[in-house]
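Structural features, examined
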Amino acid sequence: MVVLSHLIITLAIIQRNCAGAAAARQRVCKVLPKDPEWPSAMQWNQLNATVEGRLLRTVPPGRPCHDPDFNEINCANIRAGWVHTRFHLDSPTSIDNTIFTNNSCNPFTQPNDTCLIGVYPQYSVNVSKPRDVIAAVHFSREHDLRFVIKNTGHDSMGKNIGTGSLSVWMHNLQERIWLKNYSSPIYTGPAVKVQAGVVADALYQDAAERGYTVVAGTAPTVGVSGGYIQGGGHSLLTNLYGMAADQALEYDVITTKGKFIHASPAENQDLFWAISGGGGTSYGIVWSVTIRVFPDTQVTTGVLTFTSAGTSAESYWNAISVYQRLVPSFIDEHAHPQAVYNQASFSLTVFAPNCSGSNVSLLFQPIITSLNDSGMPFNLSISTHPNFRYAFLNISGPPESSDFFPSSGGLTGASRLVPRDISSSTTAKIGELIRKFSGMGGTITDIGLQAKLVPGTMMSRNSVLPAWRTSQRHLQLFYIPTGTPTLNDIRPLLEQFRSEVGDPIERLTPTSGAYLNEADPELPSWKHAFYGINYNRLLSIKDRYDPDSILYGITAVGGDRWVEDTDGRLCKKAASN
């Protein structure tokens, strides 16, 4: 009997300790569907009632391509749409860069492969009112759930998804309020208030109808109010007006404590400063932003293309180096040059507001001379358009057919803002590293951008990375894999890109940084590269408005406080050691 009594007492202690350990784990780790602490069906139904039936149970978009739900016609339609951002735009949970989905129900894998929700959110709230967001935030906190925000699904950094998460889908918030006579202590003039779901081309169209233009995304389906403007946001008009965040006048924000607040240079100034350039998924959920607008303008566009076929590699890369040296001359004319090139081909598109066709021809002349001297064939077309949107559609194509994305996803192997004040020898060394990356199978996007700081303007009231103010080129070295690899599959290649190309470029430009929305998602130096001297201040502001760290992104401010386990569970880093 004594032995039995001791056994009962011991088992009771073990049970109590295990329960305590489980509770402690839930305080530092997010709950997954396999856990007993996962919300019950009744609790999910209660949340659905609170949001008036707008809670959606995730069905992976690739499900019709897998057994037992395989449907040949539906699967073919999904595969055809998968390569366009607009397909993912209309999904409450899908993103366009599928490299981050770990092949969760990938429509291009075999039909007999298991279709799992995987890293997609388990549930999503189709937001229509601020209280929908507030209810979702409260539910996530109460049940220790991972919380994510999704607008358009333009996601080059894997922030819009997460294993076992509850998502708020902001896409259907489409209101635009045009203000002819906006007035504040810092700005008086025309402006527009834009809700979270509005995309660039919708705003461009509205603006053109009213005789205005706006600073927004270079792709038509990029959301205006989300991670784009919160991360700074470069634009076709950056060399004329600055970054998207430089145009922000005020925000409506929902905090993770469930408060709907206003942020401007006069109210909650610290939050306004942080949201305007300090990165999305960090400080609050932006409901709307009010931005200043500008008179519409004539735009001249120029497109130059040539290939490496029939010419030596040296001649081909020498012609590209001429462009690399020419970038400052484009910037000085407020033109936006964007080159995309690899070992096989080169394409340069120039978008020049307030610039005549003859002036744009002069900008192209040095590279045309180089091509002619080398006997290299090329195509050059220059045209002048009556307004911004007409020119935008001319270079991007119709919104319904643009924003093409490879079915396998893609990954930025390296990214850097190249300062304007570097020497010609440093420019040449960077060119050699770019050429090396091309030889490794990569493609380079090389954009001339400089968001010059204008004292006394909104630029001095935001947290845009200071490197943008002195840059001349935004380099994004991109790799498009074949097949259906996961991020784990190509991580060794990503590390090779970083060590052989990315790190050397970083050492050549030690005072600069990188654009936080288009960069190596696992960059070790991300704090300095993405936020620079602003990081510590940004972190303190995050702790004020999101004290429980409900908002998370691996490279968002405070992201290094968390770590994902092998099963995708998000845990506070101290608990994983």
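Residues numbered from 1 in each chain as written. Predicted model: local features only at pLDDT ≥ 70, side-chain atom pairs only at ≥ 80, totals over all residues. Heavy atoms only, no water.

**Description of the sheet that holds strand S3 (residues 146-150)**
For clarity, the cut-off: We treat two strands as partners when DSSP finds at least two bridges between them. Where helices and strands are cited, they refer to DSSP runs of H or I of at least four residues and of E of at least two residues respectively, numbered from the N terminus. In this analysis, axes come from line fits to C-alpha atoms, helices being fitted only over the stretch in contact, and the angle between any two N-to-C directions falls in the range 0 to 180 degrees.
The mixed open sheet is built from four strands, whose spatial order is S1-S2-S4-S3. The two strands at the open ends of the sheet, each matched to only one other strand, are strand S1 (55-57) and S3. Strand-to-strand twist in this sheet, taken as the mean axis angle between neighbours without regard to direction, amounts to 25°. With five bridges joining them, S3 and strand S4 (residues 165-169) adopt parallel strand pairing. Bridge pairing in S4 links valine 148 to serine 167.

**Remarks on the pattern of salt bridges**
What counts here: In the sections that follow, a salt bridge refers to a side-chain nitrogen of Lys or Arg positioned within 4 Å of a carboxyl oxygen of Asp or Glu. Only protein chains enter the accessibility calculation, which uses a 1.4 Å probe; a residue whose area is less than 20% of its type maximum is buried, one above 50% is exposed, and one in between is partly exposed.
By the definition in use, this model includes 23 salt bridges. One salt bridge connects arginine 210 with glutamate 209, and the closest N-O pair in it is separated by 4.0 Å. The class for glutamate 209 is exposed, based on a relative accessible area of 57%. One salt bridge connects lysine 257 with aspartate 548, and the closest N-O pair in it is separated by 3.2 Å.

**Looking at the confidence of the model for the protein**
Where we set the bar: Per residue, pLDDT measures the predictor's confidence, with a range of 0 to 100. Contacts were defined at the residue level, with two residues in contact if any of their heavy atoms lie within 4.5 Å.
Across the protein, pLDDT averages 91, with 92% of residues at or above 70. Between residues 1-26, whose pLDDT stays under 50, and residues either more than four places distant or in other chains, the model counts nine contacts.

**Thoughts on the packing of helix H10 (residues 313-332) against helix H11 (residues 357-374)**
Condition: In what follows, roughly perpendicular refers to angles from 65 to 115 degrees, roughly parallel to angles under 35, roughly antiparallel to angles over 145, and oblique to any angle outside these ranges. By convention, the crossing between two helices is left-handed when the near helix turns anticlockwise from the far helix through less than a right angle, and right-handed when the turn is clockwise.
Viewed as axis vectors pointing N to C, H10 and H11 meet at an angle of 165°, and their least axial separation amounts to 9 Å. By the criterion of interaxial angle, the relationship of H10 to H11 is roughly antiparallel. Handedness of the crossing formed by H10 with H11: right-handed. Facing H10, whose interface residues are Ser315, Asn318, Ala319, Val322, Tyr323, Leu326, Ser329 and Phe330, H11 presents Leu363, Pro366, Ile367, Ser370, Leu371 and Ser374.

**Thoughts on H10**
Just so we agree on the cut-off: Given the number of residues in a helix, its expected span is that number minus one, multiplied by 1.5 Å. Throughout, the bend at a residue refers to the angle made by two axes, fitted to the seven residues ending there and to the seven starting there.
Taking 1.5 Å per residue, 20 residues should reach 28 Å; H10 reaches 30 Å between its end C-alpha atoms and fits that length. At leucine 326, H10 is bent by approximately 40°, the largest bend along its length, and proline proline 328 sits one to four residues beyond. At the C-terminal side of H10, histidine 334 shows a positive phi close to 65°.

**Observations regarding the sheet that holds strand S12 (residues 299-307)**
Each strand in a sheet pairs with another by means of backbone hydrogen bonds, the pair being arranged parallel or else antiparallel. Strand order across the open sheet formed by seven strands is S15-S12-S14-S13-S17-S18-S16, with antiparallel pairing between neighbours. Of all the strands in the sheet, the pair left with one neighbour each is strand S15 (379-385) and strand S16 (411-419). Within the sheet, the average angular offset between the axes of one strand and its neighbour, ignoring direction, is 10°. Across the sheet, H10 is in contact with S12, strand S13 (336-341), strand S14 (345-353), strand S17 (443-448) and strand S18 (471-479); its angle to S13 comes to roughly 160°.

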